[in-house]
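# Structural characterization, general
Read off the chains here:
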Amino acid sequence: MNSHATSTSPASVSSTSLLALTGLLLRSPERLVDDHEVDLQARLIELAPKLLALTLIGGAAFGVVVGSYRGSIQYLYAGLKAPLLLLLPMLVGLPALRAFLAACELRLSWTRLALASLLAVARTAVLAAATSPVLWLYLSVHPDYHRAVLAMAGTLIVVGVPGLWTLTASLPAGGRNRPLAHAAALAVFGVLLAQTGWLLRPFVVRPRAEIALFRPIEANVFSSLRATQQAASGRYGWEARGAGLLGRDVAEPAELPFEAVDPQVELEPQQQEQGVF
Amino acid sequence: MLAILWISRSTVALALVLGYFGAGAAASMRLARRGHALGLVASAWIAWPLLISVLFGAAELRSRTPIVGPFGARISQGLASLRASLAEAQSESPLELASQGQLASLELALRQADDRVASVDRLIAELEATQPDSTQPDASTREFERSRQASLLTLRSAREHAADELEQVLAMLLSVRVQIGLHALTSPATVAPVRERLAELETRVAALAELSSFDAGRAALPLEGC
Amino acid sequence: MHGPPASPSYPPSYPPSYVPAFAAPGPIATPTDISLPLRSSALIGALAGLIGLGSAAALGAPDLTAGLRLIPSVLLVELGSLALTTPALLALHQFFGLDASVEDLASALARALVRGGQVAAGLILVVVGFALTTDLAIPALLAALLAVGVFTSVVGCVELAAVERRAKSAARAHELDDARFTLLLIGWSILSWAIALRIGLHVARWVIGS
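Residues numbered from 1 in each chain as written. Chains lettered and ligands numbered in written order. Predicted model: local features only at pLDDT ≥ 70, side-chain atom pairs only at ≥ 80, totals over all residues.

### A closer look at the overall build of chain A
A tally of regular secondary structure across chain A gives ten helices and zero strands. From first element to last, N terminus to C terminus, chain A shows the α and β order α-α-α-α-α-α-α-α-α-α. By sequence separation, contacts in chain A at least 24 residues apart represent 76% of the contacts at least 6 residues apart. (Helix = DSSP H or I, 4+ residues; strand = E, 2+ residues; numbered from the N terminus. Contact = placed C-beta atoms within 7 Å.)

Put into structure tokens, the structure is as follows:
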């Protein structure tokens, strides 16, 4: 008998500790929603607080590591925001996922979807925390700002894939043309994750830049990625304007000439921060 | 270096954030009133959209202590075997023999019947443990003892009847599995007998509820005078 | 025989409620149930979803007029495309002597509209997020409209094939080898996309005000 086998019976789940639940989450999370004998709502009631706690703890650990690039109070700010980075895209994108699956003839209850998504996010958070030491090691050698941002984004992508896999594996079988629903959901969640990261920035802060909990609501992740790409080829001068219904009343920053700038001249920290994250 | 706490200058943004957490607070209060644990109540602040089904779902899931009756294990075993047989048959034939809704209704009815038997068992045990004060054998004590004995007799009789019915339903589960096996051998021609047996099973299970409620009603009468 | 316990004793710990998740569908999804009548509430919900998607994008509109015109824009494109292609589909289908009845075909397309509306409703929150925090409300709306179109087309083809299959004789229930029907489906898909794009251009000009 496999000594690592963990029972998913109702009694064992309700009494399991956070550590044991973490093990179950990493091994086979889909078993927690694949039990016909258990009322899913009761399981959601039992597991929701624990899974949220794992999301907060794992996300905070990841955030603290990301904040270490700058240090000081950025440890706290990034630690507070990282769990939101995982939760917000899921909260916003779940109705879309449900609609995609319904269009593919797979109707499922909100309870099951909520439980599956909590499992997915918690698993992502735990994996993110697990990769934190590696990320910290890399950030501790003070790489270039853009490389640091890429490292953070790359880590999130790497740990996000198992999370998305958990979400799809926790859904019931059946339906037609399900790959279409999965592809659409992947696109939606990917875009939401990127934009949420932009909205909640900064996470990676340059060593000499001012620290702020949030930046103004301006531009979007796509234009900033384009600006970063242009900056990498020596074209500076991107202006980030207030955007959207919530950001349009923000005073616009001083316009910079959109031409090649001498790389020997150091830009002001605020101008540098117009880049990604 | 001083950290600058940047707060959005847009009141709409603030209103949205406050609105979200305000809804979370309302959700937390509702869950607390329903008797949920502190962890779930606190979780609702952040993740109340995920708990909508809990917020507006049936309250009795938490309000009563669930009881596993004497037939619990056999019901689980019987239904698991039935599901396995149906799954095997489904893999070989495109026709659906029983919907998940039917199986869920079947399980619910069996569990409720088992729950009722367990409740009666508890009531019988409480009555048996209730002994009149033998030091002062007056008329009221004798009357109470008579009522107690009559109630015990009625409850035991009803309990045995309900238990027998449940036993027969569990035996029928086995016969349904036999029909499913025959269907697997002979293909679509035997779908109708399987569905008929399942329908018969559903009728028998539905009758369990009526029978038990009738017996429970009769059992209450002798204690009315106490 | 299972007799009552001799003394009061209950299980030491109770598992969570064993009431099964009968509210949730089982692991095997039911196939398209084309025999079920389409409820008007589903249709109204779909239309509300389409209007809701337009309203979500209207939050990010540059001015009030454009915003007001954005509200019905998605509905116009989706309904316009279906309304203009359905008569052609029904006429050609009957002209080719295919098996399904006109009513079944119409209800199949109505179900496709319902699914499209549900996808639109599901994407409302995403578009609202972009409208509130970026200037990408219109691109987000276009992406959402694309998703709605894809799902409406796919579901439409699936539903039409299902009604056609049901209309065939029982002996041929699992076959759908009529090349004419396949060509009809492909033609309908291409035509509906072309018309949707054309209507979309007209609606875009109207929204902008040119």
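Next comes the rest of the description.
### Thoughts on the overall build of chain C
Scanning chain C from N- to C-terminus turns up seven helices and zero strands. Going from N to C terminus, chain C has its helices and strands arranged as α-α-α-α-α-α-α. Counting across all 210 residues of chain C, residues that qualify as buried make up 43%. Contacts in chain C between residues at least 24 apart in sequence constitute 80% of all its contacts with a sequence separation of at least 6. (Buried ≥ 20, exposed ≤ 12 C-beta atoms within 10 Å, placed from the backbone.)

### A few points about the environment of Gly58(A)
Residue and element names in this part refer to chain A. Tracing the chain through its elements places Gly58 in helix α3 (residues 40–67). Judged by the 27 C-beta atoms lying within 10 Å of it, Gly58 is buried. Residues contacting Gly58, with those up to four places away along its chain left out, are Ala125, Val126, Ala128 and Ala129.

### What about helix α4 (residues 102–122) of chain C?
What sets the pattern is the α-helix's 3.6 residues per turn: residues three or four places apart point alike. Spanning 21 residues, α4(C) covers 30 Å between terminal C-alpha atoms, matching the ideal 30 Å at 1.5 Å per step. Most of α4(C) sits inside the fold, with 15 of its 21 residues counted as buried. (Expected span 1.5 Å × (residues − 1).)

### Comments concerning unusual backbone geometry
Residues and elements named next belong to chain A. In this chain, Arg201 is followed by Pro202 through a cis amide linkage whose omega measures 10 degrees. Tracing the backbone through its elements, the reader meets Pro202 in the loop between α7 (178–199) and α8 (221–232). Residue Glu105 is not a glycine yet carries a positive backbone phi of 65 degrees. Taking the C-beta count within 10 Å as the criterion, Glu105 has 21 such neighbours and is therefore assigned buried. For Asn177, which is not glycine, the phi dihedral falls at a positive 55 degrees. Mapped onto the secondary structure, Asn177 falls in the loop between α6 (145–169) and α7. Classification of Asn177 as partly exposed rests on a count of 16 C-beta atoms within 10 Å.

### A closer look at the packing of α3(A) against helix α5 (residues 110–139) of chain A
All names here are of chain A. Between α3 and α5, whose axes approach to 8 Å, the crossing angle comes to 20 degrees. Considering the angle they form, α3 stands roughly parallel to α5. For the pair α3 and α5, the sense of crossing is left-handed. (Axes fitted to C-alpha atoms, helices over the stretch in contact; angles between N-to-C directions. Parallel < 35°, antiparallel > 145°, perpendicular 65-115°, else oblique. Left-handed = near helix turned anticlockwise from the far one by under 90°.)

### Describing the confidence of the model for chain A
Mean pLDDT over chain A stands at 81; residues scoring 70 or higher make up 81%. Predicted confidence for residues 1–6 of chain A stays below pLDDT 50, and this span has three contacts to residues more than four positions away or in other chains. (pLDDT = per-residue confidence, 0-100.)

### Section: the packing of helix α4 (residues 74–103) of chain A against α7(A)
Residue and element names in this part refer to chain A. At a minimum axis distance of 9 Å, the contact between α4 and α7 shows a crossing angle of 160 degrees. Overall, the two elements α4 and α7 adopt an arrangement that is roughly antiparallel. Crossing handedness for the pair α4 and α7: right-handed. Taken together, the residues of α7 that come into contact with α4 (itself represented by Leu85, Leu88, Pro89, Val92, Gly93, Ala96, Leu97, Phe100, Leu101 and Ala103) are Ala181, Ala184, Ala185, Val188, Phe189, Leu192, Leu193, Thr196 and Gly197. When grouped by side-chain class, the residues that make up the contact of α4 with α7 number 16 nonpolar, three polar and no charged. (Nonpolar A, V, L, I, M, F, W, Y, C, P; charged D, E, K, R; others polar.)

### So, the confidence of the model for chain C
Residues and elements named next belong to chain C. For chain C, mean pLDDT is 82; residues scoring 70 or higher make up 78% of the total. The low-confidence segment residues 1–32, where pLDDT is below 50, has 80 contacts with residues more than four positions distant or belonging to other chains. We note a pTM of 0.67 for the whole complex and an ipTM of 0.79 for its interfaces.

### Some words on helix α7 (residues 179–208) of chain C
Residues and elements named next belong to chain C. With 30 residues, α7 extends 43 Å between its outermost C-alpha atoms, agreeing within 8% with the 44 Å of an ideal straight helix rising 1.5 Å per residue. Turning to α7, its buried residues are Leu184, Leu185, Trp188, Ser192, Ala196, Gly200, Val203 and Val207. Against α2 (64–70), α3 (73–95) and α6 (137–167) lie the buried residues of α7. Two residues or fewer after α7 comes Gly209, characterised by a positive phi angle close to 100 degrees.

### A word on the environment of Glu128(B)
In this fold, Glu128(B) is placed in helix α6 (residues 100–129). Using a count of 15 C-beta atoms within 10 Å as the deciding quantity, one classes Glu128(B) as partly exposed.

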